[in-house]
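Residue-level structure breakdown
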Amino acid sequence: MKKLISFILGSIFALNLSITAANAAANEVRVAYFLEWPSPNLEDMQKKNFAKALGVPVKWTNFTNGGAMTDAMLAGDIDISYSQGLVPFINAVKSNAPIKLVDIAMEYGMGGTTCVTSNASGITKANGSELEGKKVAVPLGTMAEYVFDESMKVIGADRSKMDIIQMDPEEGAAALVSGDVVMACLFGGNSIKAAVAVGSRLLTVQEARDAGILGIDITSVTDKFMKENPGMLRTFIEVTHEANDRYRSGKSDMNAMSKASEMKVADMKETLSGFKFLTPEETKQSMESGNLDGFLKGMGTPGGAVDTSFLPL
Amino acid sequence: MLTQIITILIFVSIIGCIMYGRRLIQTEKVDAVFGNPERAKGGTHWVIVGSAAILLVWLYYSWDIAKGFYPKSANELCQVAKINESLLGLKYQFPIEEREFKSTSIIKIENKNLQKITAEIQNSKDLSNEQKTILVGYINKTKKLIPLLTNEDLIEMDTKIKISEMTNEIKELSSNFKKEDYPFETEVEKSERLKAISEQGNWGIITVRSGTGTIENTIEVPFVAETSKGLKFQAAAEELKKINDKFFKLRNHNPQFKSSIKGLKDEVKAYRKSLDDNEEIASDYAKNIVKIARRIEFASIYPPNALNEMQKAIIEFDDLQENEQAGLRLIDIVLFPSGTIVASGPSCSEQGSGRWLPKPSDTLNKFILMSNPNVGYKNIPLLWIEMIDVSSIVGFILPDWIADILPGEYPVHTSEGIVKENFKGKVLKVVTGDFKLFKIPVPYGHIWDSFLRVFLGLVFGIIIGVPLGLFMGLNRFAKGFFDPLIELYRPVPPLAWAPLIISVLGIDNTGKVFLLFMVSLSIMIISARAGASGTQLSKIHAAHSLGASKRQILRHVIFPNSLPEILTGIRVAVGMCWGTLVAAEFLAGTTGIGFVENVAKKYFQYEVIWITIFIMGMLGLLFDITLRKIIDKTIPWRGKG
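Residues numbered from 1 in each chain as written. Chains lettered and ligands numbered in written order. Predicted model: local features only at pLDDT ≥ 70, side-chain atom pairs only at ≥ 80, totals over all residues.

**Notes on the sheet that holds strand S2 (residues 58-63) of chain A**
All names here are of chain A.
- Pairing is mixed across the open sheet formed by 6 strands, whose spatial order is S2-S1-S3-S10-S4-S11. The open sheet has two edge strands with one neighbour each: S2 and strand S11 (275-276).
- Looking at chain direction, strand S3 (residues 80-85) and strand S10 (residues 215-222) are connected through 5 bridges and run antiparallel. Residue pairing in the sheet places Ile80 in a bridge with Val221 of S10.
- In the packing of helix H4 (residues 66-74) onto the sheet, the strands contacted are strand S1 (29-34), S2, S3, strand S4 (99-108) and S10, and the crossing angle to S3 comes to about 155°. (Pairing = 2+ DSSP bridges. Helix = DSSP H or I, 4+ residues; strand = E, 2+ residues; numbered from the N terminus. Contact = placed C-beta atoms within 7 Å. Axes fitted to C-alpha atoms, helices over the stretch in contact; angles between N-to-C directions.)

Written out as structure tokens, the structure reads:
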């Protein structure tokens with residue numbers, strides 16, 4: 001009996017300590033990023049320039065969605081998330097996660113995230129209200145849901161009257177092909193390619209841009225890392241903006257980038273053509289009163305989650 | 001209040017049951033030896049201990065006990081967390097929680113980096129000797145920057161004054177902090193704070209956004225200090241934050257350092273300009289050297305003893321605030337296991353086990369909320385009843401072509417614009433369910449949909465699997481023909497089919513039920529076959545010699561003999577089906593428990609996730625209990641021969 005009690009007390013003690021041990025400061029910076037989502041700073045990642053600039057090793061881990069990035073940050077496994085989608089970030093902030101938005105990775109038009117209606121359904125922008133009462137596939141909690149919401153406002157259809165099915169992009173595309181849904185909202189080059197084969201974009205890239213629908217990917221950081229290593233964070237963002245500068249002036253090493261993002265050079269260039277990498281000044285403007293600010297307010301994000309003080313101005 | 005009572009009840013019941021159990025063991029020692037199955041019978045008291053222990057662990061690690069007994073503790077800990085947040089940056093500069101000064105570790109790292117780059121340059125084959133000398137010269141200059149920052153004689157008077165100012169501010173804060181009535185709140189401030197408190201709600205509130213029916217995550221820890229103790233910490237945190245900001249704006253840059261780094265930067269710039277395009281490697285190295293110099297410039301490097309006073313002041317304050325916490329510290333350690341309350345900007349949150357393990361009380365509240373058919377989840381209730389006209393069921397069952405094959409034509413409207421019904425048209429109305437009968441209640445909702453999918457998958461599995469299994473157990477052809485097929489598909493994990501299901505069967509129930517059918521089918525075949533081939537030959541011979549026909553042998557000997565195996569197979573299949581259901585509903589869904597869990601995950605709704613887990617556990621248990629009852633009824637002889 002005594003042994004049992006001491007075992008129970010011991011394991012409680014060990015469990016209580018486990019969290020603090022996991023968060024102990026490490027002498028490396030751990031960054032989360034996406035594959036197949038190219039950005040100029042991946043060249044620096046490939047050439048280990050970040051490690052040189054930060055002075056400590058930088059460990060890059062790839063993720064499949066922004067929500068998982070948040071989870072890893074809260075568990076103390078990731079310090080910086082690069083190109084996390086804004087919607088997952090907002091969901092995290094709404095649930096009081098101690099993370100901050102410090103930089104905009106890129107803005108992109110509907111090229112990369114879009115809703116596609118099937119040709120068989122005959123639904124286009126003109127008769128969009130016919131979507132009501134039909135089945136649509138949407139990956140909930142991602143940027144695609146935001147694009148879906150905004151597109152519905154543009155074409156004047158009521159979201160609450162539709163049968164919204166939670167589907168990841170690959171499955172959404174498959175369901176559109178098989179005719180199970182009349183519209184699928186998706187992201188990712190391959191899924192969009194498959195969907196467009198049997199359908200067409202509800203809003204063209206230009207129409208979406210005119211309607212002010214755009215995606216924003218951001219750089220988020222844990223509070224702890226931000227407080228403890230402000231210098232490193234500043235350097236990280238600076239190197240990123242240097243890479244963006246290099247890309248704008250056409251000096252990026254496309255081969256290194258394609259290797260880092262595991263894409264073919266041609267496919268990568270096509271994806272990149274839809275991205276807009278902002279200058280530090282544009283970023284600050286967007287964060288304080290521009291697109292990002294409007295986005296956050298539109299989604300009802302609690303204040304205080306944005307910090308512009310790390311931008312290399 | 002309820003949590004308190006339950007916690008005490010749990011303790012009482014655990015202790016009481018353990019004592020009862022021990023007494024029982026002592027009295028039983030005499031008449032039941034070890035190994036006697038009687039010793040495993042009964043034992044309700046141990047069931048109570050087991051369930052109570054689970055509940056206790058849940059209450060403890062979700063911090064519900066803390067909430068029950070000290071409802072204000074989260075708010076006070078939030079204020080303490082604010083101090084920790086403000087102090088974090090400052091503390092990190094000193095060997096308080098770290099092993100060494102931040103300055104020391106930066107110097108160490110940068111010296112190492114300089115060494116590394118030197119070695120790289122020396123060994124590089126792409127650089128000429130002349131370039132090497134120039135680059136190494138830059139490295140040496142960068143190295144010499146460090147002593148300019150760490151030399152105590154060089155530190156500027158202005159910097160010294162600022163440091164001592166900040167030190168004094170911290171000291172003053174410490175002396176004020178000790179005072180009873182700190183932060184000397186005025187009446188106006190107090191009334192403002194009280195107003196904010198009345199608006200902020202309690203620890204762990206849930207609100208429903210009316211209309212849309214979605215459950216939002218809201219503030220879980222009240223932010224504004226509610227107690228006088230908390231107020232002290234809140235005020236101190238604000239002052240510390242200002243000091244912290246001041247410190248990080250301060251740079252220890254004396255004129256010598258400034259001129260040397262400027263010289264270095266200019267020199268490198270000029271050098272890089274002078275290089276040709278084909279000397280890019282040298283240019284890159286020069287750039288990297290400047291980067292190191294800039295890191296040294298922006299790091300807070302100070303002479304070794306310059307910050308001693310400040311460090312003392314910080315440690316003093318830190319000790320002071322820890323003393324001031326007194327009982328709160330104990331509550332934090334004991335009642336907030338695996339984590340604590342963390343402040344982040346304008347909100348406080350639970351980080352640690354309290355974050356992903358929702359409190360039983362919150363979970364129960366949310367469950368009650370979700371059970372309300374008007375709220376549900378994503379506009380669909382968990383389980384509710386809908387009144388459906390019997391006609392629609394008739395219409396669903398009868399195929400529409402019945403009307404088509406009748407002789408005659410469907411009615412055509414007349415020139416007066418009137419449609420006159422004929423017999424064929426009336427039949428069409430019946431088979432499509434376009435008429436009114438009485439209404440009957442039909443359940444619907446997430447739970448019902450999940451239940452139905454499992455049930456259908458299971459039923460189809462049994463209907464096809466059992467006869468096939470029996471056939472395979474009795475017939476050489478069937479065994480030989482189906483064996484390779486079944487043995488090939490049986491070991492495939494059911495989820496391996498999942499990626500194909502949407503493409504082949506679509507997103508409706510068909511695909512999900514098919515997936516579950518695949519799960520139950522192989523299990524049913526195997527168990528029915530084992531049952532059939534395991535029948536004792538003597539029983540078959542006995543029936544045969546009594547003149548039984550083939551059908552009679554099958555019906556009265558082989559089938560009852562394989563029933564135990566079949567029913568055990570069903571029990572296993574139910575478990576497997578539940579396991580697969582969640583994944584199947586992850587695929588594509590609008591309803592179902594798995595769908596709810598999948599969506600909740602995306603919005604970090606941990607309460608909802610746990611609710612779905614409990615619902616699935618409960619439903620699985622319900623299935624199992626029902627099956628156990630059926631087994632007891634149908635094969636009472638099992639385990640007795």
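**Some words on the confidence of the model for chain A**
- Residues of chain A with pLDDT of at least 70 account for 94%, and the chain-wide mean is 84.
- Counting interchain partners and residues more than four positions distant, the pLDDT-below-50 stretch residues 19-26 of chain A has 6 contacts. (pLDDT = per-residue confidence, 0-100.)

**Regarding the interface of chain A and chain B**
- Listed by partner, the interface residues are 40 residues for chain A and 39 residues for chain B.
- Contributions of two or more residues to the side of chain A that touches chain B are made by helix H1 (2-22), helix H3 (49-54), H4, helix H5 (86-94), strand S7 (163-167), helix H7 (169-178), helix H10 (223-228) and helix H11 (230-248) of chain A.
- Here the side of chain A that touches chain B is built from residues that sort into 18 nonpolar, 14 polar and 8 charged. (Nonpolar A, V, L, I, M, F, W, Y, C, P; charged D, E, K, R; others polar.)

**Concerning helix H2 (residues 44-61) of chain B**
Residues and elements named next belong to chain B.
- With 18 residues, H2 ought to run about 26 Å at 1.5 Å a step, and its terminal C-alpha atoms sit 26 Å apart, in line with that.
- Among the residues of H2, Val49, Leu59, Tyr60 and Tyr61 are the ones counted as buried. Projected down its long axis, H2 carries its buried residues within an arc of 165°, all on one side. For H2, exposure combined with an orientation more than 90 degrees from the buried face picks out Thr44, Val47 and Ile54. (Expected span 1.5 Å × (residues − 1). Buried ≥ 20, exposed ≤ 12 C-beta atoms within 10 Å, placed from the backbone. Arc of directions from axis to C-beta.)

**As for the nonpolar core**
- Core analysis: the biggest nonpolar cluster contains 144 residues, and Ala137 and Ala184 of chain A have the highest contact counts within it.
- In terms of residue count, helix H22 (residues 509-533) of chain B provides more of this core than any other element does, 12 residues in total.
- With sequence-adjacent residues up to four places away left out, Ala137 of chain A is seen in contact with Ile165, Met167, Gly172, Ala175, Leu176, Val181, Ala184 and Cys185 of chain A.
- Listed in part, the 54 residues of the second largest apolar core include Leu240, Ile301, Phe317 and Cys348 of chain B. (Core = buried A, V, L, I, M, F, W, Y, C linked by C-beta atoms within 7 Å.)

**Considering the packing of helix H19 (residues 446-474) of chain B against helix H20 (residues 476-489) of chain B**
Residue and element names in this part refer to chain B.
- Direction vectors running N to C along H19 and H20 enclose 120°, while the axes themselves pass 6 Å from each other. In terms of their interaxial angle, H19 and H20 are classed as oblique. Taken as a pair, H19 and H20 cross one another with a handedness that is left-handed. On H20, the residues touching Leu468, Phe471 and Met472 of H19 are Ala478, Lys479 and Phe482.
- Of the residues contributing to the contact of H19 with H20, the split by class is 5 nonpolar, no polar and 1 charged. (Parallel < 35°, antiparallel > 145°, perpendicular 65-115°, else oblique. Left-handed = near helix turned anticlockwise from the far one by under 90°.)

**Points about the environment of Ala313 of chain B**
Residues and elements named next belong to chain B.
- Here Ala313 lies in helix H12 (residues 308-325).
- Look at Ala313 and you get buried, because 21 C-beta atoms sit within 10 Å.
- Sequence separation between Ala313 and Glu172 is 141 residues, and the spatial gap between their C-alpha atoms is 9.5 Å.
- Setting aside anything within four residues of it in sequence, one finds Ala313 in contact with Thr167, Ile170 and Lys171.

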